[in-house]
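# Notes for the structure review
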Amino acid sequence: FDVLSTSMVLFVFVRHGQTEYNAGGRYQGHVDSKLTKEGLQQALLVGQRLKQSKPMQALYSSDLGRCKSTADAIVKGAFGLKNLVDHEQAEKGFTFSQMLRERHFGHWQGLTKSMVKEKYADEVKADAGDWQHKMQGGGESRLDVLSRTMKVN
């Protein structure tokens, strides 16, 4: 099956590195939070790991700073470049889109889980178990996110 192995496409899905909000246990959503030193190191390690695989032909990312910083660090680790702009295919191979942002958590964004439970106890109770179809707090359901991200081409 050599024909199949040469024509297969490899997709690598990477979540952004750890952010200040992640470290603080906060809902992030569309609020941008900077990568921590650990998050930057995580992204560099992903890049070094990808260096051993086939060359990257395209990169799709959210337009948020934490995701751009993660992508930048991955490219540095994989190619030893200073930044994405240095990559010869940056213009045609890299796509940054707000359509790829993570789930919007409405007015829960920026709050810790304990703050949400305290401030929005009724919403937490109503939300229990059905994040697929609905999201309390004015945020997106998982199906909303799927619909949004599928529009990226």
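A separate point is the overall build of the chain. Tallying secondary structure elements over the chain gives eight helices and two strands in all. A burial count over the chain gives 35% of its 153 residues as buried. Considering only contacts within the chain whose residues lie at least 6 apart along the sequence, 64% involve residues at least 24 apart. Here the chain displays about 10200 Å² of accessible surface, and carbon together with sulfur accounts for 53% of that area.

The subject of this paragraph is the layout of surface pockets. A volume near 1600 Å³ is recorded for the largest pocket. Lining the largest pocket are 41 residues, with Val-12, Phe-13, Val-14, Leu-59 and Tyr-60 positioned closest to its centre. At the level of secondary structure, the elements contributing two or more residues to the lining of the largest pocket comprise strand S1 (59–62), helix H4 (65–79) and helix H8 (142–149). Per-element accounting of the lining of the largest pocket gives the leading share, seven residues, to H4.

Basis of the calculations
Each residue is numbered by its place in its chain's sequence as written, counting from 1. Local features in this predicted model are restricted to residues of pLDDT 70 or higher, and side-chain atom pairs are both shown and tallied only at a pLDDT of 80 or more, whereas totals for entire chains, interfaces and linings draw on every residue. As a convention, hydrogens and water are excluded, and side-chain values are obtained from all of the structure's heavy atoms. Each helix is a run of H or I in the DSSP string that is no shorter than four residues. Each strand is a run of E no shorter than two, and both are numbered from the N terminus. A 1.4 Å probe rolled over the protein chains alone gives each residue an accessible area, and that area as a share of the maximum for its type sets the label: buried under 20%, exposed over 50%, partly exposed in between. In what follows, residue pairs with any heavy atoms lying within 4.5 Å of each other are defined as contacts. The protein chains shown are the only cover counted for residues, whose accessible areas, like all others here, come from Shrake-Rupley with a 1.4 Å probe. Cavity means a closed set of points on a 1 Å grid over the protein atoms alone, one where a 1.4 Å probe fits but cannot get out, pocket means an open set with protein on both sides within 12 Å along at least 5 of 7 lines, and lining means a residue has an atom within 4 Å of a point. Grid points are joined across faces, edges and corners, and a volume is the space filled by probe spheres set on the points.

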